[in-house]
Amino acid sequence: MGDLSLFFDDHHEMIREMVREFARAEIAPVAAEYDESEAFPWPNGAKMAELGLFGIPFQEEYGGAGMDLLAAALAVEELARVDASHSIMVGAHTSLAATPIARWGTEDQKRRFLAPLAGGRVLGGFGLTEPGSGSDAAAMRTIAQKKGDRWILNGQKTWITHGGVGEIFVVGAVTSPNKGARGITVFILTKETCDLDIAREIGFGHAQELEPMPGFSVGQKLRKLGWNASDTRELIFEDVEVPEDQVLGEVDRGFPIFLDTLDGGRIGIAAHALGIAQGALDEAVRYTGEREQFGKKLNDFQGVQFMLAEMQLKVHAARMMTYHAARLRMDGKPHKKEASMAKLFASETAMDVTTKAVQLHGGYGYSREYPVERMMRDAKITEIGEGTSEIQKIVISRELLHEHGQG
Ligand SMILES: Cc1cc2nc3c(=O)[nH]c(=O)nc-3n(C[C@H](O)[C@H](O)[C@H](O)COP(=O)(O)OP(=O)(O)OC[C@H]3O[C@@H](n4cnc5c(N)ncnc54)[C@H](O)[C@@H]3O)c2cc1C
């Protein structure tokens, strides 16, 4: 991987090694099994909570590890290198649910909601996408109407990671209709995990003190091409009463919170995609060093070496872009364009490198016996979630033109 001291402090190396060892010992042996059964990996979730992986960048006074975004990105990368369903558990929870509360929450909200999330007691989720609004998130239909000192929420979200298993959700709703992005507010909602018995048994995934909100329910688990062990569902709101003190930020000023959250989340998805790509490259190097055809190891053929070189080149570039974007955000510097570029490049790299890894495995690559098949399926979502590749190009070109006084 080369010397990364340009980006790393001591704790970055330490967390990378710790998560790498955990993923090798605890996740690699069961990843294919969870992909096949589509069951949520609760036991490993509990172990990750024990290691503090759900609160890496958050302050210790709220149950976090007091580290930073790069440390969180490295953990996500190392998990994804072995299994993307495990990685997205930490990634979505950290960047989409806990981070907006950490950055925009009141002291009271941080104590009540960030602490159980960062302390790894419950899982969190982020509800922006709706059946009729994905890329055009400001066109959401979920509505919140003021009644006395409460907001009444009605509507539906879809494709929500941790929809069933999670207990704390950061959700957007229209509070001033006809004002588009300037009429959206963010709310913090709570419900019970759908796997209450398991959560109680393993001591992870449920917090007694969080009150489930009547009218807040979820749909069936959605079946997918990849991320099969990740829990993805619809969220349904039927006259959900939300107290005023569960508005995150200001009324009608929620859209900038979503945009800021997505800027950070895209660095997380870039790290996740980078991890998948690195994992597929590792597998390709291993396999082509073992398999023989025409009396030689596959990686003795220059055609194979050239493919490996192209894969390594892209993985390295994706790593530089991801760590650079993480450093910019950590240092409070502008990073919107860099986050989008890292996400776009790393996700396309993940798709390309996993496809090449399957190719290098020949027919075995197409079988479920080898992890590259799962990695290729898992890679695709990184080009879609948290803004599709097309949306990243819109963001990048908008920023570019703005820098040149145009657009
Ligand atoms: C497994 C999974 C997990 C997810 N988790 C979450 C979650 O936790 N929370 C959440 O809120 N959402 C989540 N999502 C939703 C995800 O963010 C959306 O699917 C994504 O933003 C795209 O929206 P869409 O599916 O409605 O596609 P659409 O917006 O309908 O896009 C369809 C196609 O049209 C293209 N397109 C759209 N607009 C333009 C344009 N202006 N120019 C060019 N092309 C365009 C898109 O790039 C895409 O190729 C998840 C999705 C999946 C599949």
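Details of the structure are given in the entry above.
Residues numbered from 1 in each chain as written. Predicted model: local features only at pLDDT ≥ 70, side-chain atom pairs only at ≥ 80, totals over all residues. Heavy atoms only, no water.

Here we come to the pattern of salt bridges. Overall, the coordinates contain 36 salt bridges when judged by the stated rule. One salt bridge in this structure joins Asp149 and Arg150, with 3.9 Å as the shortest N-O distance. Using a relative accessible area of 31% as the deciding quantity, one classes Arg150 as partly exposed. Within the structure, one salt-bridge network assembled from shared partners comprises Glu17, Arg20, Glu78, Arg81 and Asp282. (Salt bridge = Lys/Arg side-chain N within 4 Å of Asp/Glu carboxyl O. Buried < 20%, exposed > 50% of the residue type's maximum accessible area, 1.4 Å probe, protein only.)

As a further point, take the side chain of Arg266. If you trace the backbone, Arg266 turns up in helix H8 (residues 255-290). Although buried, Arg266 forms no salt bridge, and the nearest oppositely charged side chain, Asp263, lies 4.4 Å from it. When near neighbours in sequence (up to four residues on either side) are disregarded, Arg266 contacts Ala339, Ser340, Lys343, Glu386, Gly387, Ile391, Gln392 and Val395. (Helix = DSSP H or I, 4+ residues; strand = E, 2+ residues; numbered from the N terminus. Lys, Arg positive; Asp, Glu negative; His and termini not counted. Contact = heavy atoms within 4.5 Å.)

The residue Arg111 is located in helix H6 (residues 107-118) in this model. In this structure, the C-alpha to C-alpha distance between Arg111 and Tyr62, residues 49 residues apart in sequence, is 6.5 Å. Excluding anything up to four places from it in sequence, Arg111 contacts Glu61, Tyr62 and Pro116. Reaching out from Arg111, the side chain makes a polar contact with the side chain of Glu107 at a distance of 2.9 Å. (Polar contact = N/O pair within 3.5 Å; in protein donor to acceptor, adjacent residues only side chain to side chain.)

If you check the backbone angles, His162 has positive phi at about 75° while not being a glycine. Along the chain, the position of His162 falls in the loop between strand S3 (150-161) and strand S4 (168-174). Of the residues examined, His162 reaches a relative accessible area of 0% and is grouped as buried.

With that settled, consider the site of the ligand. If you check the shell around the ligand, you find 18 residues, and the closest are Thr129, Ser135, Trp159, Thr388 and Glu390. One nitrogen or oxygen atom from the side chain of Thr129 is found 2.7 Å from a nitrogen atom belonging to the ligand. Measuring from an oxygen atom of the ligand, one finds a side-chain N or O atom of Ser135 at 2.6 Å. Calculation on the ligand without its partners gives an accessible area of 980 Å², and the protein chains cover 63% of this total. At three residues, the largest contribution of residues to the shell around the ligand is made by S3. Here the shell around the ligand is composed, by residue class, of eight nonpolar, seven polar and three charged. (Near = heavy atom within 4 Å. Areas by Shrake-Rupley, 256 points an atom, 1.4 Å probe, with all protein chains shown as cover. Nonpolar A, V, L, I, M, F, W, Y, C, P; charged D, E, K, R; others polar.)

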